[in-house]
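Chain by chain, the residues:
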Amino acid sequence: MKAVWIFLFLSFALLGVVDAQDPGKEVIGQVRTEVLFGTNGPVSSLGDSVVSVSVGEKTRLRKVSKLEPYRNFVKLGSVEQNILKGYKSWAQPIRNSEALMVTFQPQAAIKESRKLRLDVEYWQKSKMALRWDRVFEVGKRVYLVGPKWRDGNLIVTVELVSLVKK
């Protein structure tokens, strides 16, 4: 019986070592995700944690053809998340809410530049609603027009904050 316990202990210890050496879990960068909302209606019903976007950002958003009819733009949430080399990384931009989630999975680093190709998925209530395949550059924010919501549109912004140099 003692031999069985030793075998189980060593097995779990080896699994821990293998897991720690998994190259797919290597952090290769960091991404910032924000969820914005554009509407013509009042935003007071969205709660106290909602923040209006800056005038400059509002001007940029209104230049997008799908968003130009909206007068009000607010930020619903924001989060910074590590990007893992070989796995999907989940981000929860609205704290304590799994209703809106975003995943990132790297596809390829672009040599000689600070760019990374990412698959970005927008999940709503445990179902994938939208998917984008884009090249992101460090320090440049990309606006991804999301689904219709309430009397407006959700907008997902993604910014590649950093990439680990090799």
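So, a few notes on the structure that sits alongside this text. Please read all numbers here as calculations on a predicted model, not as lab measurements. (Residues numbered from 1 in each chain as written. Predicted model: local features only at pLDDT ≥ 70, side-chain atom pairs only at ≥ 80, totals over all residues. Heavy atoms only, no water.)

Notes on the sheet that holds strand 8 (residues 141–149)
- Taken together, the 5 strands give an open sheet; going across it, the order is 2-3-1-9-8, and neighbouring strands pair in antiparallel fashion. Unpaired on one side and paired on the other, strand 2 (51–52) and strand 8 mark the two borders of the sheet.
- Where strand 8 and strand 9 (residues 152–163) come together, 7 bridges link them in antiparallel fashion. Bridge assignment links Tyr-143 to a residue of strand 9, and that residue is Thr-157.
- The strands touched by helix 2 (residues 55–62) within the sheet are strand 1 (27–39), strand 3 (72–84), strand 8 and strand 9, with strand 8 carrying the most contacts at an inclination of about 70°. (Pairing = 2+ DSSP bridges. Helix = DSSP H or I, 4+ residues; strand = E, 2+ residues; numbered from the N terminus. Contact = heavy atoms within 4.5 Å. Axes fitted to C-alpha atoms, helices over the stretch in contact; angles between N-to-C directions.)

Comments concerning the environment of Asp-151
- Position of Asp-151 relative to the elements: it lies in the loop between strand 8 and strand 9.
- Each C-alpha atom, one on Asp-151 and one on Thr-39, is 6.1 Å from the other, the two residues being 112 residues apart in sequence.
- Not counting residues within four places of it along the chain, the set of residues in contact with Asp-151 comprises Phe-37, Thr-39, Asn-40, Gly-41 and Tyr-70.
- Polar side-chain contacts of Asp-151 include one of 2.8 Å to the side chain of Thr-39. (Polar contact = N/O pair within 3.5 Å; in protein donor to acceptor, adjacent residues only side chain to side chain.)

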